[in-house]
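An overview of the molecular structure
For reference, the chains in residue letters:
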Amino acid sequence: MKYMIALLVMGLLTNNFVLSKFYGICPFLGVSKKLNTAVGMSAAVIFVMLMATAATYPINVLLEKNDLAFLQTVIFILVIAALVQMVEIVLKKFMKPLYNSLGIYLPLITTNCAVLGVVILNIDEGYTFLQAMVNSLGAGLGFMLAMVLFAGVRKKMENCDVPEFLKGLPITLVAASLVSLSFLGFGGIVEGMGLI
Amino acid sequence: MAEKKSLGKEFTKGLIKENPVLRLVLGTCPTLAVTTSVTNAIGMGIAATIVLVCSNIVISALRKIIPSKVRIPAYIVVIASFVTIVQMLVKAFVPALDTALGAFLPLIVVNCIILGRAEAFASKNTVLYSAVDGLGMGVGFTAALCMMGTCREVLGAGTFLAGIQDLLVLFGDNVLGGWNGFDFNGALEFVGLQPITLFILPAGGFFVFGILMAVANKIATSNGKQKAVLGCANCPMAGTCTSKKEHENCENKEAATV
């Protein structure tokens, strides 16, 4: 139980998926302009991460049993792509309100390296199924935290007088650097709380 | 002669005019993650270039056979196969690089540069041109990574090309007399300085990338070109993206109401 909480805290703060591991930078920079799109995108990512972990974990056990572990990359990306498509269709048919808020981000998630990244990490780290799910949840929540915080930073930045040559993407990256720097302050919190 | 000239153009456009990292803003994740040292940057660049050239060749050879409706999954399978091959080769011959790159080696699959070139170029052009395009883009990617890597490694660790033997192990043991990169730490200590560790931390990655981007934008705008932007235009999924229209509508609506 302690380890599960540690995994969650690590995903959220110390090993934040976006700000310290650099997974999913494209949506982090691209969809963080407005708070509501940032929340929608991250909710879709959390959803797909959990589904993808639940789907790929048993598949990986099967692959390893049959000595086919080298097929991981090919199979995982196909499973994720198919899963995203399926989720989109199901949501569109049965859960229209949810589709309207999450659906439009789903197609963009197939090529989001955060999803494939968390799936591969779970297997590299040798987590059990439950640990893998918690780790994915932590990673997804960390993604959401970074997106929401950064959306706020960008909103503030809109009113700032930015030098001409830094306008646009460069100042966004520098701002991301400062947000990432502030997360460095959480270093050691897991050890400090006595969770590991 | 005319063909030869345009082949050269296809190659050079990837280097500067359409540099995948600094102009098209693709493949940002590996750019930020692996550039803590130049050695890693070169390794990642070469691995991505191999995948890019091979997948461009195969996709352009199959471009008339693949039905356009299932082209994205088909491209992903081709790319994933080559990534698996490269991954196995790296594990076998350059094991230190495999440890250094970690999950970012299999993650070449979702590197937007590769899917983007497949969709934007290889699916419309002949095999030779696609191969040259892939090579140019790959070299441009490697060059951008090396620039980032140089800034970060020199400032952050006080070394340059440290651990290069990990890559040179391909050519045998102790190539170049076991030379393992420059180390300025001794000289720095002599004048009472220390490397700025921040630059090899994640925050430094964002910062260096931002500054490089600003320089690239400056050069581009002084030549009368557009600034680099992150958006749907360069996204490889743009062609098939069902949400693009809805998304644009909702963004426009928001913009109108604000």
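Before reading on, note that the structure itself is shown above.
**So, the packing of aromatic side chains**
Ring pairs (aromatic) are described by centroid distance and by the angle formed between their planes. All told, the structure shown has 10 aromatic pairs over all chains when counted by the stated rule. Measuring from centroid to centroid gives 5.2 Å for F22(A) and F206(B), while their planes differ by 65 degrees, and the two rings are edge-to-face. Here F22(A) is found in the loop between α1 (2–14) and α2 (25–30), whereas its partner F206(B) is found in helix α10 (residues 202–222) on a different chain. Looking at F206(B), the relative accessible area reads 0%, which means it is buried. Ring geometry for F28(A) versus F206(B): centroids 6.3 Å apart, planes at 50 degrees, classification tilted. Taken together, the residues span two chains, with F28(A) in helix α2 and F206(B) in helix α10. Judged by its relative accessible area of 0%, F28(A) falls in the buried class. Linked through ring pairs, F22(A), F28(A), F150(A) and F206(B) together constitute an aromatic cluster.

**Re the interface of chain A and chain B**
Each side of the interface is counted separately: chain A has 46 residues, and chain B has 45 residues. Across the chain A/chain B interface, buried area totals approximately 3,900 Å², and carbon plus sulfur atoms make up 78% of it. Here chain A and chain B share zero salt bridges between them. Counting across the chain A and chain B interface gives three residue pairs in polar contact (both at pLDDT 80 or more). Contributing elements (two or more residues each) for the side of chain A that touches chain B: α2, α3 (35–65), α4 (72–94), α6 (106–109), α7 (113–124) and α9 (169–184) of chain A.

**Notes on the nonpolar core**
Counting 128 residues, the largest nonpolar core has F28(A), L116(A) and F206(B) as the members making the most contacts within it. With 10 residues, the single largest contributor to this core is helix α4 (residues 71–93) of chain B. F28(A) has contacts with V18(A), L19(A), A146(A), M147(A), F150(A), A176(A) and F206(B), leaving out every residue within four places of it along the chain.

**Things to note about empty space enclosed by the protein**
Which parts of space are left empty comes out when a probe the size of a water molecule is rolled across the atoms. All chains considered together, the criterion is met by two cavities of 30 Å³ or more. The calculated volume of the largest cavity comes to roughly 120 Å³. Counting residues per element, the ones that place at least two in the lining of the largest cavity are α2 of chain A together with α2 (28–33) of chain B. For the lining of the largest cavity, the class distribution of residues is 12 nonpolar, six polar and no charged. Lining the second largest cavity are A48(B), T49(B), L52(B), N111(B), I113(B), I114(B), M137(B), G138(B) and F141(B). Tallied by class, residues from the lining of the second largest cavity come to six nonpolar, three polar and no charged.

**A look at the pattern of salt bridges**
Residues and elements named next belong to chain B. Tallied over the entire structure, the rule returns five salt bridges over all chains. Between D133 and K13 there is a salt bridge, and its shortest N-O distance comes to 3.0 Å. Residue D133 is located in helix α7 (residues 127–156), and its partner K13 is located in helix α1 (residues 2–13); the two are separated by 120 residues in the primary sequence. Taken individually, D133 and K13 each receive the classification buried, so the pair is uniform in this respect. A salt bridge links R71 to E119, with the shortest nitrogen-to-oxygen separation between them at 2.8 Å. Placement of the pair is R71 in helix α4 and E119 in helix α6 (residues 112–122), with a sequence separation of 48 residues. You'll find R71 and E119 in the same group, each marked buried. Each member of the salt-bridge network shares a partner with another, and the members are E10, K13, R117 and D133.

**Some points on the packing of helix α3 (residues 38–61) of chain B against α4(B)**
All names here are of chain B. Where α3 meets α4, the axes come as close as 9 Å, and the angle between the chain directions of the two elements is 140 degrees. In terms of axis orientation, α3 runs oblique to α4. Remark: the crossing between α3 and α4 carries right-handed chirality. Residues A47, I50, V51, C54, S55, V58 and I59 of α3 touch α4, and the partners they reach there are Y75, V78, I79, F82, V83 and V86. Taken together, the residues of the contact of α3 with α4 break down into 12 nonpolar, one polar and no charged.

About the cut-offs
Residues numbered from 1 in each chain as written. Chains lettered and ligands numbered in written order. Predicted model: local features only at pLDDT ≥ 70, side-chain atom pairs only at ≥ 80, totals over all residues. Heavy atoms only, no water. Phe/Tyr/Trp six-rings, centres within 6.5 Å; stacked < 30°, edge-to-face > 60°. Helix = DSSP H or I, 4+ residues; strand = E, 2+ residues; numbered from the N terminus. Buried < 20%, exposed > 50% of the residue type's maximum accessible area, 1.4 Å probe, protein only. Contact = heavy atoms within 4.5 Å. Buried area = accessible area lost by both parts, 1.4 Å probe. Salt bridge = Lys/Arg side-chain N within 4 Å of Asp/Glu carboxyl O. Polar contact = N/O pair within 3.5 Å; in protein donor to acceptor, adjacent residues only side chain to side chain. Core = buried A, V, L, I, M, F, W, Y, C linked by side-chain atoms within 4.5 Å. 1 Å grid on protein atoms, 1.4 Å probe; cavity = no way out; pocket = protein on both sides within 12 Å on 5 of 7 lines; lining within 4 Å. Points joined across faces, edges and corners; volume = space filled by probe spheres on them. Nonpolar A, V, L, I, M, F, W, Y, C, P; charged D, E, K, R; others polar. Axes fitted to C-alpha atoms, helices over the stretch in contact; angles between N-to-C directions. Parallel < 35°, antiparallel > 145°, perpendicular 65-115°, else oblique. Left-handed = near helix turned anticlockwise from the far one by under 90°.

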